Amino acid sequence: MKKVLVLGGGFAGVETAIYLRKQDIAVTLVSDRDYFYIYPTSIWIATGGVTREDVSVPLDKLAMNHGFELIVDSVVRVEAKAKE
Ligand SMILES: Cc1cc2nc3c(=O)[nH]c(=O)nc-3n(C[C@H](O)[C@H](O)[C@H](O)COP(=O)(O)OP(=O)(O)OC[C@H]3O[C@@H](n4cnc5c(N)ncnc54)[C@H](O)[C@@H]3O)c2cc1C
């Protein structure tokens, strides 16, 4: 099975991980946040209408539902040739 490492747990990373899992590709997603943050609705945090938790989705739930592995940590360096 092909394996893909996805860096970042925002819209782009999460959508990529879900899309690749639907192609039966093994996915590991690395994000320095343990939650997916919905920016458009964040404007209501400033007005006190919602909390950060209200406009976030835990990444571990998304990982479990869509079958990708999750690593919560910072990416500090990419070694393309070594695939690390
Ligand atoms: C207030 C606001 C409202 C918006 N409204 C809209 C809208 O209505 N419609 C629309 O289409 N777009 C909207 N956007 C823009 C949209 O949110 C962005 O285009 C989108 O979030 C970009 O997605 P992304 O995955 O590339 O980046 P991000 O969503 O920024 O995700 C990046 C991810 O990578 C992680 N990360 C970063 N550095 C590291 C590292 N070194 N190691 C590990 N993880 C790392 C972060 O924690 C994050 O999870 C809005 C943005 C804002 C700020």
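Further up the page is the structure itself.
A quick note: this is a predicted structure, and the numbers were derived from the prediction, not measured.

### Describing the site of the ligand
Taken together, the neighbourhood of the ligand is formed by 14 residues, with Gly-10, Phe-11, Ala-12, Asp-32 and Val-75 sitting nearest. Gly-9 places a polar main-chain atom, nitrogen or oxygen, 3.4 Å from an oxygen atom of the ligand. The contact in question runs from a nitrogen atom of the ligand to an N or O atom on the backbone of Val-75, over 2.7 Å. About the coverage of the ligand: the protein hides 50% of its 1,000 Å² of free accessible area. For the shell around the ligand, the class distribution of residues is 5 nonpolar, 6 polar and 3 charged.

### Some points on the side chain of Thr-28
Relative to the assigned elements, Thr-28 resides in strand β2 (residues 26-31). Here Thr-28 falls in the buried class, since its relative accessible area comes to 16%.

### What to know about the environment of Leu-59
Structurally, the position occupied by Leu-59 is in helix α3 (residues 59-66). Using a relative accessible area of 0% as the deciding quantity, one classes Leu-59 as buried. For the pair Leu-59 and Gly-48, spaced 11 residues apart in the sequence, the C-alpha separation amounts to 24 Å. In this structure Leu-59 touches Gly-9, Val-14, Leu-29, Ser-31, Arg-33, Asp-34, Tyr-35, Phe-36 and Leu-70, once residues within four positions along its chain are discounted.

### Observations concerning the sheet that holds strand β1 (residues 3-7)
Within the open sheet, the 3 strands sit side by side as β1-β2-β5. Their pairing is parallel. Across the chains shown, the open sheet's two edge strands, defined by having one partner strand only, are β1 and β5 (69-72). Across the sheet, the mean angle separating the axes of adjacent strands is 20° when strand polarity is ignored. Of the pairings in the sheet, the one linking β2 to β5 comprises 4 bridges and is parallel in character. Of the residues in β5, the one forming a bridge with Thr-28 is Glu-69. Strand contacts of helix α1 (residues 11-22): β1 and β2, with the helix running at about 170° to β2, the strand carrying the most contacts.

### Concerning the environment of Gln-23
When you line up the elements, Gln-23 lands in the loop between α1 and β2. Reaching out from Gln-23, the side chain makes a polar contact with the backbone oxygen of Tyr-19 at a distance of 3.2 Å.

### Quick word on the environment of Lys-2
Summarising the element assignment, Lys-2 is placed in the segment before β1. Spatially, the C-alpha atom of Lys-2 lies 8.7 Å from that of Val-27, the residues being 25 residues apart in sequence. Beyond its immediate sequence surroundings of up to four residues, Lys-2 is in contact with Ile-25 and Ala-26.

Definitions and cut-offs
- Residues numbered from 1 in each chain as written.
- Predicted model: local features only at pLDDT ≥ 70, side-chain atom pairs only at ≥ 80, totals over all residues.
- Heavy atoms only, no water.
- Near = heavy atom within 4 Å.
- Polar contact = N/O pair within 3.5 Å; in protein donor to acceptor, adjacent residues only side chain to side chain.
- Areas by Shrake-Rupley, 256 points an atom, 1.4 Å probe, with all protein chains shown as cover.
- Nonpolar A, V, L, I, M, F, W, Y, C, P; charged D, E, K, R; others polar.
- Helix = DSSP H or I, 4+ residues; strand = E, 2+ residues; numbered from the N terminus.
- Buried < 20%, exposed > 50% of the residue type's maximum accessible area, 1.4 Å probe, protein only.
- Contact = heavy atoms within 4.5 Å.
- Pairing = 2+ DSSP bridges.
- Axes fitted to C-alpha atoms, helices over the stretch in contact; angles between N-to-C directions.

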